[in-house]
Amino acid sequence: MPEITEIKLQNGLKILLKEIHTAPIISFWVWYRVGSRDEINGQTGISHWVEHMQFKGTPRFPASVLDRAISRDGGMWNAFTYLDWTTYFETMPADKIELALHLEADRMVNSTFDPQEVASERTVVISEREGNENEPLFLLGEAVQAAAFRVHPYHHEVIGDLADLHLISRDDLYNHYRTYYTPNNAVVAVAGDFETQVMLQKIRSFYEDIPPGPEPPRLVREEPPQRGEIRLTVEGPGETTYIQTAYHCPPAAHPDFFPLTVLDSLLTGPSSLNMFGGGGTSNRTSRLYRALVEKDLAVSVGGGMMATIDPYLYNITITVHPQRKPEEVLIALDTEIGRLQQERVTEAEVARAIKQARALFAYGSENITNQAFWLGYAEMFASYQWFLNYLERLASVTPEEVQRVAQTYFRPQNRVVGIYLPSGSGDKTA
Amino acid sequence: MKTNPSPSPSHSLPGSDDITRAVLDNGIVVLARANFNSPSVYLSGYFSAGSLFDPHEKLGLASFTASALMRGTQKRDFQEIYDALESVAAHLGFSTSVHSSGFSGRALAEDLPLLLDLLSDTLREPLFPETQVERLRAQILTGLAIRAQDTSEMARLVFDELLYADHPYARPEDGFPETIQNITVNDLIQFHRIHYGPRGMVITIVGAVEPQQAVEQVRQALGGWQNPLQPEPPPLPPFCPPDKPRRRHHAIPGKSQVDIDMGGSGPMRRDPDYLAAALGNSVLGQFGLMGRIGDIVRERSGLAYYAYSSLNAGLGPGTWDVCAGVNPSNLEKAVDLIRGELIRFVTEGVTEQELADSQANFIGRLPLSLESNAGVANALLSIERYGLGLDYYREYAGLVQAVTPEDVLAVARKFIDPERLVIATAGP
């Protein structure tokens, strides 16, 4: 594995560099430690909306110039907002990457947040939310997440609540931007066809003079333990019934994350952690596929967990067979969970999960954008060391640990069960 | 292992000196290119059993057959097939389009023989076990029920129906619930027996394997396959673009957003004016944040999160259309804005500057699109399917640069007629 260079500038900006000389491409990322976890009620969705505003330009790079400059050079650029972080990236021909360094440094500080642009983006974000609402699984997921977190700000969807999308003002957005978009709250991650010293010099020239900001405030609102199973239903259009069960599970930095990753592989099939490229494998031999789909109780099942800072959720999503009731499916689901808790899995099953993880890693390494993604992503919830140790940590998981985490986390008292009931099916519910 | 330190841009593009093309005795074309940067391989290909062969009352038969291949074979049952794949985190899957069915797979390079063995097994000796077929049928029907609730997919389906009318392209490859219900196990067996064979089959392998070795492995797996029954694909009937505007709304109650799909027909991939259309389409609704369409509908009017145009060019008459998702109360406003842009596009064409921007984008992004094994494999399949020539990607910059604003205006006028637009909408 190529070497990593890690440096922190005087202003607190952390920089991670990885040379990869397989294609004349460089992928440049800036990560900010801000996401929906930093949002109070009344301002839900503000991090994501700020991310949208970051494409509206600065005095130096007005929106049209920015967009045109990147696209002309054949670059790919985008941004994502999630629970714990917001990130921006450009993947470009290696000889054009300076533009990305320049514009990201510029919009760390100088975005305009023009009131007219805020007004027009308000309806764009609302439209994005309405598009999401067209999807039954969004409606169900939003309800399950809200039930799972009464106190912690993981309560709400990243897109935010419609009420807040109407309320949030230009000044709210600008304040959020100024509070969290500081070099000491950011990580720059670069992978691709460059020489480390040259790249470092360039990054210094664009970023060193940006002054640090005050340490951004953090909402500390720990979720109290759940005191019993929560069940809920969501009703909406369609003919298809869905089930989503969410178990509270530990964050990525917790040692139990690794036995849970093995458990996930056995229960619902291996989840790929890659954001770009790679692709995964199917899950037809997973325990839940065999117990639900092969028994004609469901037509599909999937599951997995996210790497987060605070405890989040292990989600299982099931598309119910059109001739079956969700209650029948839940009984079969609980039987399989019970089996994991009562019977120790075999060494061979654990070894298989590790081989799967290894292959998914190899697929992800085909793609430079994905490698740069990992450099920064791991920093958002742990450190790059987490990523480097990932396969080794998985390889040390024992069947006893898998059984223990199944017993610890997969308890009914620790879960929310959500059922999407379609209004178009036999018994009319809406 | 070979390493490839800092290649120059032109050398990273595939060309005749690093693509191996071989034709097996039974007609299968194999394309291979090495990439030892990562220990994985990607395999993809197609064969001529597309939905063009589907009878009307059994629409979806080709797709159903392809989906059922992995449900059990002479050698392995369903669980054995997937146990072999998933134990090594490999992937293999089939899909169907109008002219062909296709497959794609990936694995660590050491598992390529396994992947090819499974490909051969599922293509040549599927059993279509009844319980598995019925399980699959329920899954397909659920997929169609989900499609019926998807505003953008339904707008697309209505668009194709309006545009293509009696032409086979009007029909969705995955069929309708009633046509899926009509398909029997025997239909699957017969469709496979007649239409599956080496004729018209193309396979690409890209990744950490020497190309000659890849060809040899394909020869061992599929070189002995014959099917004298395999028919020529039926000829496509002529297509007549609409002589008047066509518009239809498909109601899906309870939804928050309506999807628009509007436009008309487009060129075939082999047409000489294809690149001019592609560049024009970039200016219209792709470049940067979705071109002129994105600018007017999203940036300036704030009406939609997504609004873009696309060109869909294949073996037959393609489509050139604009898609957007909007609040139902903004539907007519958005349609008028898009129509206005289409009128401007066929009246004024594109400026030198706009064209130069998109030309630079097409050339600049090529290395990026060919970065992964899957990207290269898809490029090789296009070369073969459309007869582009092995050096197409090396010559691409020149071909792109040669397009003029006049070429773009001519092809825009040839295909987009703002007086005869097809407008499909789906939503509440």
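**Description of the overall build of chain B**
A tally of helices and strands in chain B yields 17 helices and 11 strands. Relative to the globule expectation of 22 Å for 428 residues, the C-alpha radius of gyration of chain B, 23 Å, shows essentially globular dimensions. Relative to its 428 residues, chain B shows a buried fraction of 54%. Counted over contacts in chain B with a minimum sequence separation of 6, partners at least 24 positions apart contribute 81%.

**A few points about the overall build of chain A**
Of regular secondary structure, chain A possesses 15 helices and 11 strands. At 23 Å, chain A has a C-alpha radius of gyration in line with the 22 Å of a compact globule built from 430 residues. Reported as C-alpha extents along the three principal axes, the dimensions of chain A are approximately 60 × 50 × 40 Å. Residues counted as buried form 53% of the 430 residues belonging to chain A. Across chain A, the fraction of contacts at a sequence separation of at least 24, relative to all contacts at a separation of at least 6, is 82%.

**Some points on the nonpolar core**
Generally speaking, a soluble globular protein has its nonpolar side chains buried in company with each other. Of all hydrophobic cores here, the largest spans 252 residues; its most connected members are Leu292 of chain A together with Val297 and Ala324 of chain B. It is helix H13 (residues 368-381) of chain A that contributes the most residues to this core, nine residues altogether. Excluding residues that lie within four positions of it along the chain, Val297 of chain B makes contacts with Leu303, Ala304, Ala307, Ala324, Ala334, Leu337 and Ile338 of chain B.

**Here we look at the sheet that holds strand S7 (residues 246-251) of chain B**
Pairing is mixed in the open sheet, where five strands are placed in the order S7-S11-S8-S10-S9 (chain B). In the strand order of this sheet, the two ends are held by S7 and strand S9 (304-312) of chain B, each with one partner. Across this sheet, the average inter-strand angle for adjacent strands is 15 degrees, counted without regard to direction. As defined by bridge partners, strand S8 (residues 258-266) of chain B adjoins strand S11 (residues 422-427) of chain B across five bridges and the pair is classed as antiparallel. Along S11 of chain B, the bridge assignment pairs Met262 of chain B with Ile423 of chain B. Strands in contact with helix H4 (residues 115-133) of chain A are S9 and strand S10 (318-326) of chain B; relative to S9 of chain B, the strand with the most contacts, it is inclined by about 70 degrees. Sitting on the sheet, helix H10 (residues 274-285) of chain B is in contact with S8, S9 and S10 of chain B, with an inclination near 170 degrees to S9 of chain B.

**A word on the confidence of the model for chain B**
Residue and element names in this part refer to chain B. Scored by pLDDT, chain B comes out at a mean of 94, with 97% of its residues at no less than 70. Long-range and interchain partners of residues 1-10, a stretch whose pLDDT sits below 50, account for 14 contacts in this model, where long-range means more than four residues apart. Taken together, the chains of this predicted complex give a pTM of 0.92 and an interface ipTM of 0.89.

**As for the sheet that holds strand S5 (residues 86-93) of chain A**
Residue and element names in this part refer to chain A. Read from one edge to the other, the open sheet built from six strands follows the order S1-S2-S6-S3-S5-S4, with strand pairing classed as mixed. Here the strands that pair on one side only, and so sit at the sheet edges, are strand S1 (4-8) and strand S4 (76-81). Put simply, the sheet's adjacent strands are angled 15 degrees from each other on average, direction ignored. Summarising the sheet, strand S3 (residues 25-32) and strand S6 (residues 186-192) pair through seven bridges and their orientation is antiparallel. Counted as the bridge partner of Trp29 is Ala189 from S6.

**A closer look at the environment of Arg324 of chain A**
Residue and element names in this part refer to chain A. Mapping Arg324 onto the fold places it in the loop between strand S10 (312-320) and helix H11 (326-342). Take Arg324: there are 18 C-beta atoms within 10 Å of it, and that puts it in the partly exposed class. With near-sequence residues (within four places) excluded, Arg324 lies in contact with Leu297 and Val329.

**A look at the pairing of S11 of chain B**
Residues and elements named next belong to chain B. With six of six residues buried, S11 lies mostly within the body of the structure. Where S7 and S11 come together, six bridges link them in parallel fashion. Paired with His250 across the bridge in S11 is Ala426.

**As for the pairing of strand S3 (residues 40-47) of chain B**
For a regular strand, side chains alternate in direction, first toward one face of the sheet and then toward the other. Residue and element names in this part refer to chain B. Counting buried residues along S3, eight of its eight residues qualify, which places the element largely inside the surrounding structure. Covered by surrounding structure in S3 are Ser40, Tyr42, Ser44 and Tyr46 together with Val41, Leu43, Gly45 and Phe47, the residues of both alternating faces. Here S3 pairs with strand S5 (residues 101-108) via eight bridges, running antiparallel. Looking at S5, one finds that Val41 is bridged to Ala107. Taken together, the six bridges between S3 and strand S6 (residues 202-207) define a ladder with antiparallel strand orientation. Across the sheet, the residue bridging to Tyr42 is Val206, located in S6.

**What about helix H13 (residues 352-364) of chain B?**
Taking 1.5 Å per residue as the helical rise, H13 of chain B with its 13 residues ought to reach 18 Å, and the 18 Å between its terminal C-alpha atoms agrees with that figure. For H13 of chain B, the full list of buried residues reads Glu354, Leu355, Asp357, Ser358, Asn361, Phe362, Ile363 and Gly364 of chain B.

**Thoughts on the interface of chain A and chain B**
In this assembly, 55 residues from chain A lie in contact with 60 residues from chain B. Secondary structure elements with two or more residues in the side of chain A that touches chain B: helix H2 (63-72), S5, H4 and helix H12 (347-364) of chain A. Ranked by the residues each element gives to the side of chain A that touches chain B, the list is headed by H4 of chain A, at nine residues. Among the residues making up the side of chain A that touches chain B, the classes are represented as 15 nonpolar, 25 polar and 15 charged.

**A closer look at H4 of chain A**
The end-to-end C-alpha distance of H4 of chain A is 27 Å, a good match for the 27 Å that 19 residues give at a rise of 1.5 Å each. Residues of H4 of chain A that are buried include every one of Glu117, Val118, Glu121, Thr123, Val124, Val125, Ile126, Ser127, Glu128, Arg129, Glu130 and Gly131 of chain A, and no others. On the buried face of H4 of chain A, the contacting elements are helix H1 (46-53), helix H6 (162-167) and helix H7 (170-180) of chain A together with helix H11 (287-300), S9 and S10 of chain B.

**Looking at the domain arrangement of chain B**
Often, the extent of an interface is quoted as the loss of accessible area on bringing the components together. All names here are of chain B. For chain B, the assigned domains read domain 1 (18-222) and domain 2 (246-427). Listed per partner, the contact involves 27 residues of domain 1 and 32 residues of domain 2. Mapped by element, the contributors of at least two residues to the side of domain 1 that touches domain 2 are strand S2 (29-34), S3, helix H6 (151-164) and S6.

**Focus: the domain arrangement of chain A**
All names here are of chain A. Each assigned domain of chain A is listed here: domain 1 (4-207) and domain 2 (230-422). Placing the centre of domain 1 and that of domain 2 at their C-alpha centroids yields a distance of 28 Å. Taken residue by residue, the interface counts 33 residues in domain 1 and 29 residues in domain 2. For the side of domain 1 that touches domain 2, the elements supplying multiple residues, two or more each, are strand S2 (14-19), S3, S5, helix H5 (136-148) and S6. Here the element with the most residues in the side of domain 1 that touches domain 2 is H5; it accounts for nine residues. Counted by class, the side of domain 1 that touches domain 2 contains 22 nonpolar, six polar and five charged residues.

**Side note on unusual backbone geometry**
Residues and elements named next belong to chain B. Unlike most non-glycine residues, Ala89 shows phi in positive territory, near 55 degrees. In the Ramachandran plot, Ala165 falls in the positive-phi region, its phi being about 45 degrees despite a non-glycine side chain. Relative to the assigned elements, Ala165 resides in the loop between H6 and helix H7 (177-181).

**Here we look at the packing of H11 of chain B against helix H12 (residues 331-348) of chain B**
Residue and element names in this part refer to chain B. Closest axis-to-axis distance for the H11/H12 pair is 10 Å, and the angle between their directions is 145 degrees. You can see that H11 and H12 cross each other, and the crossing is right-handed. Along the contact surface, H11 presents Arg292, Ile293, Ile296 and Val297, while H12 presents Ala334, Leu337, Ile338 and Glu341.

**Considerations on the confidence of the model for chain A**
Chain-level pLDDT for chain A is 93 on average; 97% of the residues reach the 70-or-more range. A low-confidence stretch, residues 425-430 of chain A stays under pLDDT 50, and its non-local contacts, those more than four residues away or across chains, total nine contacts.

**Some thoughts on the environment of Glu406 of chain B**
The topology assignment puts Glu406 of chain B in helix H17 (residues 405-415). Considered as a pair, Glu406 of chain B and Asn330 of chain B are 76 residues apart in the sequence and their alpha carbons are 34 Å apart.

**Topic: the packing of H1 of chain A against H4 of chain A**
The axes of two packed helices give the description: the angle between them and the distance between them. Residue and element names in this part refer to chain A. Relative to each other, H1 and H4 sit at 120 degrees, their axes nearing to 10 Å. For the element pair H1 / H4, the angle class is oblique. Of the two elements, H1 crosses H4, and the hand of that crossing is right-handed. Residues Trp49, His52 and Met53 of H1 lie in contact with H4, whose contacting residues are Glu117, Val118, Glu121, Val124 and Val125. Residues that form the contact of H1 with H4 fall into these classes: five nonpolar, one polar and two charged.

Criteria and thresholds
Residues numbered from 1 in each chain as written. Chains lettered and ligands numbered in written order. Predicted model: local features only at pLDDT ≥ 70, side-chain atom pairs only at ≥ 80, totals over all residues. Helix = DSSP H or I, 4+ residues; strand = E, 2+ residues; numbered from the N terminus. Rg over C-alpha atoms; globule rule 2.2 N^0.38 Å. Buried ≥ 20, exposed ≤ 12 C-beta atoms within 10 Å, placed from the backbone. Contact = placed C-beta atoms within 7 Å. Core = buried A, V, L, I, M, F, W, Y, C linked by C-beta atoms within 7 Å. Pairing = 2+ DSSP bridges. Axes fitted to C-alpha atoms, helices over the stretch in contact; angles between N-to-C directions. pLDDT = per-residue confidence, 0-100. Expected span 1.5 Å × (residues − 1). Nonpolar A, V, L, I, M, F, W, Y, C, P; charged D, E, K, R; others polar. Domains from an automatic or database assignment. Left-handed = near helix turned anticlockwise from the far one by under 90°. Parallel < 35°, antiparallel > 145°, perpendicular 65-115°, else oblique.

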